[in-house]
Amino acid sequence: MKILVIEDEETMVTALRALLAREGHEVVAARDGPDGLDAAKTTRPDLILLDLALPGLDGLEVCRRIRVFSTAPVIMLTARAGEGDKVTGLEVGADDYVTKPFSPRELIARVRAQLRRAQTYAQAAGRDLLQVGEITMDVPGRRVTVRDTEVRLPPKEFELLRVFMVNPGRVLGRDYLLDRVWGEDYAGDVRTLDVHVRWLREKIEREPGEPAHLLTVHGVGYRFQ
């Protein structure tokens, strides 16, 4: 697996590179926020270890921008132990949070857990039947049932819901959703996505104005739960 380490402390980068290499991972390193963001775009890592205190662009902003185009698991590394920092990190799309100093065994355990979770999401993409809470999707039959009632969805709304249902709980960026549903060559207005989300909410939510399933993550995209 390819792991991107975005960390400005040389000794930490060296230690992480050696630790992850022993696990058989390929390691790519970036030393500041802008370089880390570029590396996330160009190297397409399977997992990202992201320091919170970075020069150029802090870890929270880097994570927020990564989530616009990538679903790679992000584990934040930070010396800050405050609950508020952890919550903020998770809200912008981080998958886990490790406080420095940490034991090598703990970090490897968390890396393994996130890679297993990502594999589970990938496997879900090939399933014929998806279910998240009160919503069920029969993919081959193109049928969606919400609270035991079948709802009809046009093709784009169906594909959009399918992407959400194979990624429950994950923050999905607008660019990522546009690529998956409209295609990488789509050059239209990003507001097209927001309109389709609004239409989808009207069909799956009890209260579309106060959604319980399809939530907006401001500045990033959406999360389905």
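Relevant structure appears above.
What you see is a predicted model, and the numbers here were worked out from it, not measured in a lab.

A.B. asks: For the sheet that holds strand 9 (residues 149-151), give the residues involved together with the corresponding values.
C.D. replies: Taking strand neighbours across the sheet as the criterion, the 4 strands line up as 6-7-8-9 in an open arrangement whose pairing is antiparallel. Edge strands, defined here as strands with exactly one partner in the open sheet, are strand 6 (129-132) and strand 9. Adjacent strand axes in the sheet meet at a mean angle of 25 degrees when their direction is disregarded. Pairing between strand 8 (residues 143-146) and strand 9: 3 bridges, direction antiparallel.

A.B. asks: Can you explain the sheet that holds strand 1 (residues 2-6)? Please cite residues and give values.
C.D. replies: If you walk across this open sheet you meet the 5 strands as 2-1-3-4-5, and the pairing is parallel. On the outer flanks of this sheet lie strand 2 (26-30) and strand 5 (96-99), each paired with one strand and no other. Taken pair by pair, the neighbouring strands of this sheet meet at an average axis angle of 20 degrees, ignoring direction. Here 5 bridges tie strand 1 to strand 2, and the two strands are oriented parallel to one another. Across the sheet, residue leucine 4 finds its bridge partner in strand 2, namely valine 28. Contacts between helix 2 (residues 33-43) and the sheet are confined to strand 1, strand 2 and strand 3 (47-51), with strand 1 contributing the most and set at about 170 degrees to the helix.

A.B. asks: Go over the pairing of strand 12 (residues 221-224) with me, naming the residues and quoting the values.
C.D. replies: Of the pairings in the sheet, the one linking strand 10 (residues 171-173) to strand 12 comprises 3 bridges and is antiparallel in character. For valine 171, the partnering residue across the bridge sits in strand 12 and is arginine 223. Where strand 11 (residues 214-217) and strand 12 come together, 4 bridges link them in antiparallel fashion. Of the residues in strand 12, the one forming a bridge with threonine 216 is tyrosine 222.

A.B. asks: Quick one: what's the story with unusual backbone geometry, residue by residue and with numbers?
C.D. replies: Here the bond from lysine 100 into proline 101 is cis, since omega is -10 degrees, no more than 30 degrees from zero. Relative to the assigned elements, proline 101 resides in the loop between strand 5 and helix 5 (104-124). Even without being glycine, arginine 44 reaches a positive phi, approximately 50 degrees. Turning to its location among the elements, arginine 44 is positioned in the loop between helix 2 and strand 3. Positive phi outside glycine occurs at aspartate 148, with the angle close to 65 degrees. Residue class for aspartate 148 comes out exposed when judged on its relative accessible area of 77%.

A.B. asks: Please provide a residue-by-residue account of the packing of aromatic side chains, values included.
C.D. replies: Scanning all chains against the criterion turns up 2 aromatic pairs. An angle of 85 degrees between the planes, with centres 6.5 Å apart, marks the rings of phenylalanine 164 and tyrosine 222 as edge-to-face. With phenylalanine 164 in helix 6 (residues 155-165) and tyrosine 222 in strand 12, the pair connects residues that are 58 residues apart, well separated along the chain. Measuring from centroid to centroid gives 6.0 Å for phenylalanine 164 and phenylalanine 224, while their planes differ by 25 degrees, and the two rings are stacked. Remark: phenylalanine 224 occurs in strand 12 and phenylalanine 164 occurs in helix 6; sequence separation between them is 60 residues. Each member of the aromatic cluster is reached from another via a ring pair, and the members are Phe164, Tyr222 and Phe224.

A.B. asks: Quick one: what's the story with the environment of threonine 43, residue by residue and with numbers?
C.D. replies: By the secondary structure assignment, threonine 43 is in helix 2. Linking threonine 43 and leucine 4, residues 39 residues apart in sequence, is a C-alpha distance of 8.2 Å. Contact partners of threonine 43, with chain neighbours within four places excluded, come to Lys2 and Val28. A distance of 2.6 Å separates a polar side-chain atom of threonine 43 from the backbone oxygen of alanine 39.

A.B. asks: Just give me the short version of the pattern of salt bridges, but keep the residues and values in it.
C.D. replies: The tally for this structure, following the rule as stated, stands at 17 salt bridges. One salt bridge in this structure joins glutamate 157 and lysine 203, with 2.9 Å as the shortest N-O distance. Here glutamate 157 is found in helix 6, whereas its partner lysine 203 is found in helix 8 (residues 191-204), with 46 residues between them in sequence. For arginine 174, the salt bridge is made with aspartate 194, and the minimal N-O distance between the two is 3.2 Å. Linking arginine 174 in helix 7 (residues 174-182) with aspartate 194 in helix 8, this pair joins segments that are 20 residues apart in sequence.

A.B. asks: Account for the side chain of histidine 25, naming residues and giving values.
C.D. replies: Along the chain, the position of histidine 25 falls in the loop between helix 1 (10-22) and strand 2. A relative accessible area of 14% means that histidine 25 is categorised as buried. If we skip the residues at most four places from it in the chain, histidine 25 touches Met1, Ile3, Leu20, Val111 and Leu115.

Conventions used here
Residues numbered from 1 in each chain as written. Predicted model: local features only at pLDDT ≥ 70, side-chain atom pairs only at ≥ 80, totals over all residues. Heavy atoms only, no water. Pairing = 2+ DSSP bridges. Helix = DSSP H or I, 4+ residues; strand = E, 2+ residues; numbered from the N terminus. Axes fitted to C-alpha atoms, helices over the stretch in contact; angles between N-to-C directions. Contact = heavy atoms within 4.5 Å. Buried < 20%, exposed > 50% of the residue type's maximum accessible area, 1.4 Å probe, protein only. Phe/Tyr/Trp six-rings, centres within 6.5 Å; stacked < 30°, edge-to-face > 60°. Polar contact = N/O pair within 3.5 Å; in protein donor to acceptor, adjacent residues only side chain to side chain. Salt bridge = Lys/Arg side-chain N within 4 Å of Asp/Glu carboxyl O.

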